[in-house]
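In case you want the letters, here they are:
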Amino acid sequence: GNSVTQMEGPVTLSEEAFLTINCTYTATGYPSLFWYVQYPGEGLQLLLKATKADDKGSNKGFEATYRKETTSFHLEKGSVQVSDSAVYFCALWNTGNQFYFGTGTSLTVIP
Amino acid sequence: DVKVTQSSRYLVKRTGEKVFLECVQDMDHENMFWYRQDPGLGLRLIYFSYDVKMKEKGDIPEGYSVSREKKERFSLILESASTNQTSMYLCASSPSGTSSYEQYFGPGTRLTVT
């Protein structure tokens, strides 16, 4: 079946620290992979995506590479800001119009 | 910009009440979705619809029903609300075809059942 596992939170970092949030997946076929972000009081927003193996998605300084050999899609940012404080969800989309979301990782960045 | 709106941000209902959660999108998307979001469980799909009057069960449809009479509107119905349905409910929409994975989310409705 399809599933997504992401690292437990919460994560607290100082401003300008390096961020990694781990995400691994299980899927049949060739899924597309996503990171969504949810800022306080808001719905989810698409942060970045990768639709095939070895693709790198990037946006707002965040990056993630679709690694089929390790079934991973880890989110990274070189220097986080206070405004990056949010909940981050890794997600998989496979045939059948259905997303599979991870449990979310809460990030707090302190000045 | 795609806009997905939900009828209420916060809702408090009593056990046994019938509850309607409304979602409207303005981008002529074919697909619409209802999720619930719970701490430690992430988002779980309740129902989705890929066309007017069409619906498909997601992972946790028990205790819920949906209605899609118009393309832009997708309603989630709790026939008899229970305390274990206290949750954040998120609506999303997406186009059909090769971009169907591009889901756009509403701000959510936080439902409390007492």
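Residues numbered from 1 in each chain as written. Chains lettered and ligands numbered in written order. Predicted model: local features only at pLDDT ≥ 70, side-chain atom pairs only at ≥ 80, totals over all residues. Heavy atoms only, no water.

Caption draft 1: Structural detail: the overall build of chain A. Helix and strand counts for chain A come out as zero helices and 12 strands. Since a compact globule built from 111 residues should have a radius of gyration of about 13 Å, the 13 Å found for chain A is in line with a globular shape. Overall, the C-alpha framework of chain A stretches about 45 × 25 × 20 Å when taken along its three principal axes. When the 111 residues of chain A are sorted by exposure, 46% land in the buried category. (Helix = DSSP H or I, 4+ residues; strand = E, 2+ residues; numbered from the N terminus. Rg over C-alpha atoms; globule rule 2.2 N^0.38 Å. Buried < 20%, exposed > 50% of the residue type's maximum accessible area, 1.4 Å probe, protein only.)

Caption draft 2: The sheet that holds strand 9 (residues 75-77) of chain A, seen in detail. All names here are of chain A. In spatial order, the strands read 3-9-8-7; together these four strands make up an open sheet with antiparallel pairing. Each edge of the open sheet carries a strand with a single partner, namely strand 3 (19-21) and strand 7 (56-59). The average undirected angle you get between the axes of adjacent strands in this sheet is 15 degrees. Pairing analysis gives four bridges linking strand 7 to strand 8 (residues 62-65), with the strands arranged antiparallel. Paired with G57 across the strands is A64, a residue of strand 8. (Pairing = 2+ DSSP bridges. Axes fitted to C-alpha atoms, helices over the stretch in contact; angles between N-to-C directions.)

Caption draft 3: Looking closely at the state of the cysteines. Overall, the coordinates contain two disulfides over all chains when judged by the stated rule. Two residues share a disulfide in this structure: A:C23 and A:C90, whose sulfurs sit 1.9 Å from each other. On the sign convention where negative means left-handed, the S-S torsion of about -70 degrees between A:C23 and A:C90 marks this disulfide as left-handed. A residue pair is termed long-range when its members are at least 10 positions apart, and A:C23 in strand 4 (residues 23-26) and A:C90 in strand 10 (residues 86-94) qualify at 67 residues. The same class applies to A:C23 and to A:C90, which are both buried. Each sulfur of the disulfide joining B:C23 and B:C91 lies 1.9 Å from the other. A torsion of -75 degrees about the S-S bond marks the disulfide between B:C23 and B:C91 as left-handed. Taken together, the positions of B:C23 in strand 3 (residues 19-25) and B:C91 in strand 9 (residues 87-94) put the pair 68 residues apart, joining distant regions of the chain. With relative accessibility at 0%, the residue B:C23 sits in the buried group. (Disulfide = S-S within 2.5 Å.)

Caption draft 4: Quick look at the interface of chain A and chain B. The interface of chain A with chain B comprises 18 residues on the first partner and 21 residues on the second. Of the roughly 1600 Å² buried between chain A and chain B, counting both surfaces, carbon and sulfur atoms make up 55%. At the junction of chain A with chain B, the criterion picks out zero salt bridges. Counting the contacts that link chain A with chain B gives three residue pairs in polar contact (both at pLDDT 80 or more). If you list the elements that add at least two residues to the side of chain A that touches chain B, you get strand 5 (32-38), strand 6 (44-50), strand 10 and strand 11 (98-101) of chain A. (Contact = heavy atoms within 4.5 Å. Buried area = accessible area lost by both parts, 1.4 Å probe. Salt bridge = Lys/Arg side-chain N within 4 Å of Asp/Glu carboxyl O. Polar contact = N/O pair within 3.5 Å; in protein donor to acceptor, adjacent residues only side chain to side chain.)

Caption draft 5: Molecular detail of the pattern of salt bridges. All names here are of chain B. A complete count under the given rule lists 10 salt bridges over all chains for this structure. When the shortest N-O distance is used, the salt bridge between K53 and E69 registers 2.4 Å. Residue K53 is located in the loop between strand 5 (42-49) and strand 6 (56-57), and its partner E69 is located in strand 7 (residues 64-70); the two are separated by 16 residues in the primary sequence. A single burial state applies to K53 and to E69, both of which are exposed. A network of salt bridges, in which partner residues are shared, links D28, E30 and K71.

Caption draft 6: Spotlight on the nonpolar core. Judged by nonpolar contacts, the single largest core of 26 residues is most densely connected at A:W35, A:L47, A:L48, A:F73, A:L75 and A:Y88. Listing elements by their share of this core, those giving two or more residues are strand 2 (11-14), strand 3, strand 4, strand 5, strand 6, strand 8, strand 10 and strand 12 (105-110) of chain A. With four residues, the single largest contributor to this core is strand 10 of chain A. Dropping the residues within four chain positions of it, A:L47 is found in contact with A:W35, A:Y36, A:V37, A:N59, A:K60, A:F62, A:L75 and A:Y88. Counting residues in each nonpolar core, the second largest holds 20 residues, with B:L21, B:Y89, B:C91 and B:V113 among its members. (Core = buried A, V, L, I, M, F, W, Y, C linked by side-chain atoms within 4.5 Å.)

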